[in-house]
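A closer look at the structure
One-letter residues, chain by chain:
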Amino acid sequence: MILTSALGPSVEILPALGLLSHHITVAPAEASALIETPASGPSRHDIVLVDARTELIAAKSLCRLIRATGISVPLLAILTEGGLAGLTAEWGVDDVLLTSAGPAEVEARLRLALGRTTGTEPEDPRITMGPLSIDEAAYSATLRGERLDLTYKEFELLKHLAQHPGRVFTRGQLLQEVWGYDYFGGTRTVDVHVRRLRAKLGSGYEGLIGTVRNVGYRFVPDEAGVGGEPDETEGEAGPAAESAGLAPVGNDDPTSSRPGPTSRR
């Protein structure tokens, strides 16, 4: 099945398909097209291709949405060579097909994609870090069993940090990986979303999102690290925090314009 917003036969989307003996269905670029497809029987589709030749942002969103539905068949994106610059792991695709690929390459990639997914179990879409649980499939996050009221970008930011516990991301990296390479806003956007996330996590758990001065932000999974004041506290952290390896490096807020603590004589 090819999901596309273009009008025309499949050979105009991926010319090599015209030389292969596959049964192809072309459907609108909507996740609902998969719901209407039988899970078994002669009309079942073994591979889903998303047309990402032109509208990269829309194609990425569609791929992520399809992946969140728990699709059990390979998901591939059809891209131009120039479109490869916008491809990241966030797309959630199993492989890509270039529009310039010949029939032998297309057939090989389809065959390999089918072989990798045969007999595999779907991964658990949930991320659990102590009292925090993130369900990627349901686009929801709960803290101590209570659902957090997050915007789409707040959820994406929290999920991205939680997927890489302990790793420090610069604001530029977060802009590229969460907002997308084609986002033209300033890095201050990241700081605003971090503050909102911390506020929604509450005073007891705002420390789950730690700050490294002059570098960026990281997810702190250790329960001992929660309960601090990561956006306002200045100066040195206490001995307990230092021994746990959770003390912020200098000023907590990398965007703060306030001077650091002065030394005493």
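Please read all numbers here as calculations on a predicted model, not as lab measurements.

1. Topic: the pairing of strand β12 (residues 216-219)
Across two bridges, strand β10 (residues 169-170) lies against β12 in antiparallel orientation. Bridge assignment links F169 to a residue of β12, and that residue is Y217. Counting the residues in the hairpin turn of strand β11 (residues 209-212) and β12 gives three residues, including N214, whose phi is positive at 65 degrees.

2. Some points on the packing of helix α5 (residues 152-163) against helix α7 (residues 188-201)
For the pair α5 and α7, interaxial distance at closest approach is 10 Å and the crossing angle is 85 degrees. As far as their axial angle goes, α7 and α5 are roughly perpendicular. Contacts between α5 and α7 pair K153, E154, L157 and L158 from the former with H193, V194, R196, L197 and K200 from the latter. Counted by class, the contact of α5 with α7 contains four nonpolar, one polar and four charged residues.

3. Some details on unusual backbone geometry
Non-glycine residue Y139 carries a positive phi angle of around 50 degrees. Within the secondary structure, Y139 is located in the loop between β7 (132-135) and β8 (140-143). Judged by relative accessible area, which is 26%, Y139 ranks as partly exposed.

4. Looking at the sheet that holds β11
Spatial ordering of the open sheet is given by β10-β12-β11, a layout of three strands whose pairing is antiparallel. Looking at strand neighbours, the two that pair on one side only are β10 and β11, the edges of this open sheet. Across the sheet, α5 is in contact with β10, β11 and β12; its angle to β12 comes to roughly 70 degrees.

5. What about the pairing of strand β4 (residues 75-79)?
Along β4, five of the five residues are buried, which leaves the element largely enclosed by surrounding structure. Summarising the sheet, strand β3 (residues 48-51) and β4 pair through four bridges and their orientation is parallel. Note on β4: the bridge partner recorded for V48 is L75. Viewed along the sheet, the connection from β3 through helix α3 (residues 56-68) into β4 turns out right-handed. As paired strands, β4 and strand β5 (residues 95-98) are joined by four bridges and run parallel to one another. Bridging from a neighbouring strand, A77 pairs with V96 of β5.

6. Concerning the confidence of the model for the chain
Averaged over all residues, the pLDDT of the chain is 78; the fraction at 70 or higher stands at 75%. Confidence, expressed as mean pLDDT per element, reaches its minimum in the chain at helix α8 (residues 239-243) with 33 and its maximum at β4 with 95. Low confidence marks residues 39-43, where pLDDT is under 50. Its contacts with residues over four positions away, or in another chain, come to three contacts. Across residues 223-265, where pLDDT falls below 50, the model places 63 contacts with residues more than four positions away in sequence or in other chains.

7. Regarding helix α6 (residues 171-179)
Buried within α6 are the following residues: L174, L175, V178 and W179. All buried residues of α6 lie within an arc of 105 degrees about the axis, which places them on one face of the element. In this structure, the buried residues of α6 make contact with α5, β10, α7 and β12. Where α6 ends, the next residue or the one after it, G180, has phi of about 105 degrees, a positive value.

What counts, and at which threshold
Residues numbered from 1 in each chain as written. Predicted model: local features only at pLDDT ≥ 70, side-chain atom pairs only at ≥ 80, totals over all residues. Heavy atoms only, no water. Pairing = 2+ DSSP bridges. Helix = DSSP H or I, 4+ residues; strand = E, 2+ residues; numbered from the N terminus. Axes fitted to C-alpha atoms, helices over the stretch in contact; angles between N-to-C directions. Parallel < 35°, antiparallel > 145°, perpendicular 65-115°, else oblique. Contact = heavy atoms within 4.5 Å. Nonpolar A, V, L, I, M, F, W, Y, C, P; charged D, E, K, R; others polar. Buried < 20%, exposed > 50% of the residue type's maximum accessible area, 1.4 Å probe, protein only. Right-handed = clockwise from strand over helix to strand, strands pointing away. pLDDT = per-residue confidence, 0-100. Arc of directions from axis to C-beta.

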